[in-house]
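Letter by letter, the chains look like this.
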Amino acid sequence: MKVAVIIPAAGASSRFGGPQKKPFVSLDGKPLWQRSSELFWNRSDVVKTLLVISPADRDEFRTRFGHLMMFANCELVDGGRERFESVANALALVPEDVELVAVHDAVRPLVNTQQIDAVFRKAAETGAAMLALPVTDTLKTVDQGTITGTVPREGVWQAQTPQVFRRDWLVEAYAKRTGTVTDDAQLIEALGHSVCVVPGSAFNFKITTQDDLKLADAVMQSRKKPGAAKPKPLFFDDEPKWD
């Protein structure tokens, strides 16, 4: 199936700190946006990759990274004030003959090819799929610094990306959306469609703080060591689960 990939990178990075926005900082010699998007560039099933950045960052981006874009299967798109506006801007540029649209955070640079294969395959079968992990920590509700309750973790999963949907479903979902959206799967669910979960990986975390960046760098360095273990699939119910 033909797939288009949307990489939102237009956020303000307010929680990250430092002089650069998160997608532009270097991780082992490459900017985060490149680490997150290059896994899709040379796939035979991906016909278009759309990198969404803030219009205010366009000049800086072209100055710093224009040479990379010359050789990448990637198109720049102006983002909006909110993430859902950025995705909507890119979605409008996806050709109608594309069957699936994947949305992947620009600051999740450690997803691997096997996970992408698995979620693409499940979305092709069912129309909507996403990577996610079951929550293992105890969750608390807190009000003004005081615990007010414990949230049962049974059946609770942490959403990851890529999230992959039929293009026509996603177009309809965005046309009918109301309010602020933080997760594209919400919109598909609101239409009445089921979204299948494909087990992701603890390594596929979102870089939000400087500590996250340090952890991502440690993962990258461990992957470069001779004899470093590669992800191995564990099969259950005919679906791959990744360590």
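Computed from a predicted structure; not experimentally measured.

Caption draft 1: Broad picture of the pairing of strand 8 (residues 139–143). Judged from the five bridges that link them, strand 8 and strand 9 (residues 146–151) form a sheet pairing that is antiparallel. Within strand 9, the residue paired with Lys140 across the bridge is Thr150. From the end of strand 8 to the start of strand 9, which pair antiparallel, there are two residues, and Gln144 there has a positive phi angle of about 55°.

Caption draft 2: Just the environment of Ala218, in detail. Among the structural elements, Ala218 can be located in helix 7 (residues 210–224). A residue is classified by how much of its surface remains accessible, and Ala218, at 44% relative accessible area, is partly exposed. Residues Ala218 and Ala175, 43 residues apart in the sequence, show an inter-C-alpha distance of 41 Å.

Caption draft 3: Seen up close, the pattern of salt bridges. One pass over the structure, following the stated rule, counts 16 salt bridges. Linking Lys48 and Glu75 is a salt bridge whose minimum nitrogen-to-oxygen distance equals 3.0 Å. In this pair, Lys48 is assigned in strand 4 (residues 46–53) and Glu75 in strand 5 (residues 75–78), connecting sequence segments 27 residues apart. For Glu172, the salt bridge goes to Lys176, with nearest N and O atoms at 2.7 Å. Take Lys176: its relative accessible area is 53%, and that puts it in the exposed class. In the salt-bridge network here, residues are joined through shared partners; they are Arg83, Asp105, Arg108 and Asp184.

Caption draft 4: Structural detail: the side chain of Asp184. If you trace the backbone, Asp184 turns up in helix 6 (residues 184–190). In this structure Asp184 comes out as buried when scored by relative accessible area, which is 1%. Side-chain polar atoms of Asp184 contact the side chain of Arg83, separated by 3.0 Å. Only 2.4 Å separates the side chain of Asp184 from the side chain of Tyr174, close enough to count as a polar contact. Excluding anything up to four places from it in sequence, Asp184 contacts Arg83, Val87, Val103, Gln163, Phe165 and Tyr174.

Caption draft 5: Geometry of the nonpolar core. Core analysis: the biggest nonpolar cluster contains 30 residues, and Val5, Trp33, Leu51, Phe61 and Phe120 have the highest contact counts within it. With five residues, helix 4 (residues 113–126) is the single largest residue contributor to this core. For Leu51, the contacting residues outside a window of four places in its chain are Ile7, Ala9, Trp33, Phe61, Cys74, Glu75, Leu76 and Val77. Ala4, Phe84, Val181 and Leu187 belong to the second-largest nonpolar core, a separate cluster that totals 24 residues.

Caption draft 6: View of helix 4. The end-to-end C-alpha distance of helix 4 is 20 Å, a good match for the 20 Å that 14 residues give at a rise of 1.5 Å each. Of the residues making up helix 4, those classed as buried are Gln115, Ile116, Ala118, Val119, Phe120, Lys122 and Ala123. Its side-chain oxygen 3.1 Å from the backbone nitrogen of Gln114, Asn112 forms the N-cap of helix 4. Just downstream of helix 4 lies Gly127, where phi reads positive at about 100°.

Caption draft 7: View of the environment of Arg108. Checked against the element boundaries, Arg108 lands in the loop between strand 6 (100–103) and helix 4. Sequence separation of Arg108 and Ile207 is 99 residues, and the distance between their C-alpha atoms is 6.4 Å.

Quick notes on the rules
- Residues numbered from 1 in each chain as written.
- Predicted model: local features only at pLDDT ≥ 70, side-chain atom pairs only at ≥ 80, totals over all residues.
- Heavy atoms only, no water.
- Pairing = 2+ DSSP bridges.
- Helix = DSSP H or I, 4+ residues; strand = E, 2+ residues; numbered from the N terminus.
- Buried < 20%, exposed > 50% of the residue type's maximum accessible area, 1.4 Å probe, protein only.
- Salt bridge = Lys/Arg side-chain N within 4 Å of Asp/Glu carboxyl O.
- Polar contact = N/O pair within 3.5 Å; in protein donor to acceptor, adjacent residues only side chain to side chain.
- Contact = heavy atoms within 4.5 Å.
- Core = buried A, V, L, I, M, F, W, Y, C linked by side-chain atoms within 4.5 Å.
- Expected span 1.5 Å × (residues − 1).

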